[in-house]
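Next come the chains, spelled out residue by residue.
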Amino acid sequence: MRVLLHLCCGPCTVYPLARLREQGHEVAGLFYNPNIHPFLEFRRRIDALKQLAEAVAFEVEIDDNYGLTGYLRQVVGHEAERCPICYEMRLLRTVQAAVAGGFDGFSTTLLYSKYQNHRLLIERCTQLAAEHGLRFVYEDFRRGWQEGIDESIRLGLYRQPYCGCIYSEQERYDKRLRKRKTVVAQQAD
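Residues numbered from 1 in each chain as written. Predicted model: local features only at pLDDT ≥ 70, side-chain atom pairs only at ≥ 80, totals over all residues. Heavy atoms only, no water.

Asker: So what about the packing of helix 3 (residues 68-75) against helix 4 (residues 82-100)? Which residues, and what values?
Answerer: Viewed as axis vectors pointing N to C, helix 3 and helix 4 meet at an angle of 135 degrees, and their least axial separation amounts to 10 Å. Classified by the interaxial angle, the pair formed by helix 3 and helix 4 is oblique. Crossing hand, helix 3 versus helix 4: right-handed. Taken together, the residues of helix 4 that come into contact with helix 3 (itself represented by Gly70, Tyr71, Gln74 and Val75) are Arg82, Ile85, Cys86 and Met89. (Axes fitted to C-alpha atoms, helices over the stretch in contact; angles between N-to-C directions. Helix = DSSP H or I, 4+ residues; strand = E, 2+ residues; numbered from the N terminus. Parallel < 35°, antiparallel > 145°, perpendicular 65-115°, else oblique. Left-handed = near helix turned anticlockwise from the far one by under 90°. Contact = heavy atoms within 4.5 Å.)

Okay, structure coming up:
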């Protein structure tokens, strides 16, 4: 099956890409992440993804348009729902690219992160697949968390310290916010 994999960054791509290839899928990637802040972080993630793509012969389309303004227009005033809004932006773009590119299915590296709302991602991907006549290729990539970390370190990839948005950057410095988000994420799974 031809699968388009939404990519949030290089390190989070390592394990899902390996698993999908092990299953015999032909995988291409799409980097579309208008949420990432600041610009220097955005560039670092693109550079790490290019490094990975070269190391493992991986075809990647990179949207290098820094879309922070569009992201902020959608989430400001809706900060409590920012993750679902952000997922929607990125997943919808991935599905549209998959349809346009003649892919059979899609998935996302967001399913690798222990910090994302796994259940919400599954629900929305399943809905988008049905709406667009694609297959949602699901696997709980979190099982390979440490394996992906180890391989990304071995490859010398830049490993970011937060999800990417300005709000998650704040949370990494604000212990109280970080703790609350962890509790909410655990309750969601």
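Asker: Any details on the nonpolar core? Residues and values, ideally.
Answerer: Ranked by internal contacts, the top residues of the largest apolar core, which has 53 residues, are Leu4, Leu20, Tyr71, Phe106 and Tyr112. Among the secondary structure elements, those contributing two or more residues to this core are strand 1 (2-7), helix 1 (10-22), strand 2 (26-31), helix 2 (39-56), helix 3, helix 4, helix 5 (118-132) and helix 6 (145-154). Among all residues touching Phe106, those that are not within four sequence positions of it are Val3, Leu4, Thr94, Val95, Cys125, Leu128, Ala129, Leu134, Arg135, Phe136 and Val137. (Core = buried A, V, L, I, M, F, W, Y, C linked by side-chain atoms within 4.5 Å. Buried < 20%, exposed > 50% of the residue type's maximum accessible area, 1.4 Å probe, protein only.)

Asker: Could you give an account of the pairing of strand 4 (residues 105-108), naming the residues involved and the relevant values?
Answerer: In summary, the side chains of a regular strand alternate between the two faces of the sheet. Of the two faces of strand 4, the one carrying Gly105 and Ser107 and the one carrying Phe106 and Thr108 are both buried. Where strand 4 lies against strand 5 (residues 135-136), two bridges are found, and the strand directions are parallel. Counterpart to Gly105 in the pairing with strand 5 is Arg135. (Pairing = 2+ DSSP bridges.)

Asker: Tell me about the packing of aromatic side chains, and please be specific about residues and values.
Answerer: In this structure the tally under the stated criterion is nine aromatic pairs. When the centroid spacing of 6.5 Å and the interplanar angle of 35 degrees are considered together, the rings of Tyr15 and Tyr112 count as tilted. Here Tyr112 lies in the loop between strand 4 and helix 5 and Tyr15 lies in helix 1, a separation of 97 residues in the sequence. Per residue, the accessibility class of Tyr15 equals that of Tyr112, and both read buried. Put simply, the rings of Tyr15, Tyr112, Tyr115 and Trp145 pair up and form one aromatic cluster. It is Arg2 that lies over the ring of Phe103; its NZ or CZ is 4.1 Å from the centre. The aromatic ring of Tyr32 is capped on one face by Arg93, whose charged end is 4.5 Å from the ring centroid. (Phe/Tyr/Trp six-rings, centres within 6.5 Å; stacked < 30°, edge-to-face > 60°. Lys NZ or Arg CZ within 6 Å of the ring centre and 35° of its normal.)

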